[in-house]
Amino acid sequence: MSDQTSLNAVELATELTLAWLGNPNNRVSADDVPAFLNAMHATLTELVQGASAPEDVQDDEIPLPEFTPAVTVRKSLASKDHIISMIDGKPYRTLRRHLSGHGLTPEQYRERYNLKPDYPMVAESYSEVRRAMAHKIGLGQKGRRAKPAAKPKRAPLHAKFS
């Protein structure tokens, strides 16, 4: 490998490490930074040389990153007005848009933090407000029991031209 290629790999590894550490969602202790930088450099060097992953390491053996929740499950559901996200510790009335911004589905979020399948994605009070609004406009009622929508009264056609 030439000095130019080695230099580019070092610079690129440094830039990628700085970008990764600059992300507020990544929590890393100062002791882990050199190891991460070395791993990043080794990976980039392998990519530059065109080498594949080592044969003795299988895809099943690669450890998945362990995510530390920002709050406990109990604290995330402590309020009826909001749910606190385990990603960033901020309160939200509904988590779906927040999760999609992080590239997650509700199922992936539950799996990542070992949550039960019935863990709510919407705050309880917000859900009640939406339910009341839906009942008010007649959603969820079937057939003749549904409230007909009020039609605006029109003036007779002959009254306009008189």
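Residues numbered from 1 in each chain as written. Predicted model: local features only at pLDDT ≥ 70, side-chain atom pairs only at ≥ 80, totals over all residues. Heavy atoms only, no water.

**Topic: the overall build of the chain**
Threshold: A helix here means a DSSP run of H or I that spans at least four residues, while a strand means a run of E at least two residues long, and both kinds are numbered starting from the N terminus. Type-normalised accessible area, obtained with a 1.4 Å probe on protein chains alone, sets the label of each residue: buried when under 20%, exposed when over 50%, and partly exposed for intermediate values. We call two residues in contact when some of their heavy atoms are within 4.5 Å. Surface accessibility in these figures is a Shrake-Rupley result with a 1.4 Å probe; residues are shielded only by whichever protein chains are displayed.
Across its full length, the chain holds 7 helices and 2 strands. Burial statistics for the chain: of 162 residues in total, 16% are counted as buried. In the chain, once contacts between residues fewer than 6 apart in sequence are set aside, the share between residues at least 24 apart is 47%. With the model as given, the accessible surface of the chain reaches about 13300 Å², and the carbon-plus-sulfur share is 55%.

**Section: the side chain of Arg110**
Note the threshold: Two residue types count as positive, namely Lys and Arg, and two as negative, namely Asp and Glu; His and chain ends fall outside the count. By salt bridge we mean one thing: a side-chain nitrogen of Lys or Arg within 4 Å of a carboxyl oxygen of Asp or Glu.
With respect to the element layout, Arg110 can be found in helix α5 (residues 106-112). Comment: no salt bridge for buried Arg110; closest opposite-charge side chain is Glu107, at 4.3 Å. Among all residues touching Arg110, those that are not within four sequence positions of it are Leu115, Lys116, Pro117, Tyr119 and Met121.

**Some words on the side chain of His98**
Within the element layout of this structure, His98 appears in helix α4 (residues 96-101). His98 has contacts with Ser85, Ile87, Asp88 and Tyr92, leaving out every residue within four places of it along the chain.

**Focus on the environment of Lys80**
For Lys80, the position within the fold is in the loop between α3 (73-76) and β1 (83-84). On a C-alpha basis, the gap between Lys80 and Ser127 in space is 9.7 Å, while along the polypeptide they are 47 residues apart. Once you skip the residues sitting within four places of it in the chain, Lys80 turns out to touch Ala123, Glu124 and Ser125.

**Considerations on the environment of Ala9**
Along the chain, Ala9 turns up in helix α1 (residues 3-22). Setting aside chain neighbours within four positions, we find Ala9 in contact with His41, Leu44 and Thr45.

**Some details on unusual backbone geometry**
Negative phi values dominate among residues other than glycine, just as trans dominates among peptide bonds. Phi is positive for Asn114, close to 50 degrees, though the residue is something other than glycine. Given a relative accessible area of 72%, Asn114 falls into the exposed group.

**Quick look at a nonpolar patch on the surface**
Quick note on the threshold: A patch consists of residues whose relative accessible area exceeds 30% and which take part in no salt bridge; residues with like charges are grouped when within 9 Å of each other, and nonpolar side chains (Val, Leu, Ile, Met, Phe, Trp, Tyr) when within 5 Å.
Where nonpolar side chains cluster on the molecular surface, the patch consists of Trp20, Leu21 and Val28 and spans about 210 Å² of accessible area. Its location among the elements puts Val28 in the loop between α1 and α2 (33-49).

**A look at the packing of aromatic side chains**
Condition: The criterion for an aromatic pair is that two Phe, Tyr or Trp rings (for Trp, the six-membered ring) have centres within 6.5 Å, with stacked assigned to planes under 30 degrees apart, edge-to-face to planes over 60 apart and tilted to the rest.
Under the counting rule described, the total for this entry stands at 2 aromatic pairs. On the numbers, 5.4 Å between centres and 70 degrees between planes, the contact of Tyr109 with Tyr113 is edge-to-face. The exposure classification of Tyr109 matches that of Tyr113, with both residues buried. Measuring from ring centre to ring centre gives 6.3 Å for Tyr109 and Tyr119, while their planes differ by 50 degrees; the resulting arrangement is tilted. Remark: Tyr119 occurs in the loop between α5 and α6 (124-136) and Tyr109 occurs in helix α5; sequence separation between them is 10 residues. We note that Tyr109, like Tyr119, is buried. By the ring-pair criterion, three or more aromatic residues cluster together here, those being Tyr109, Tyr113 and Tyr119.

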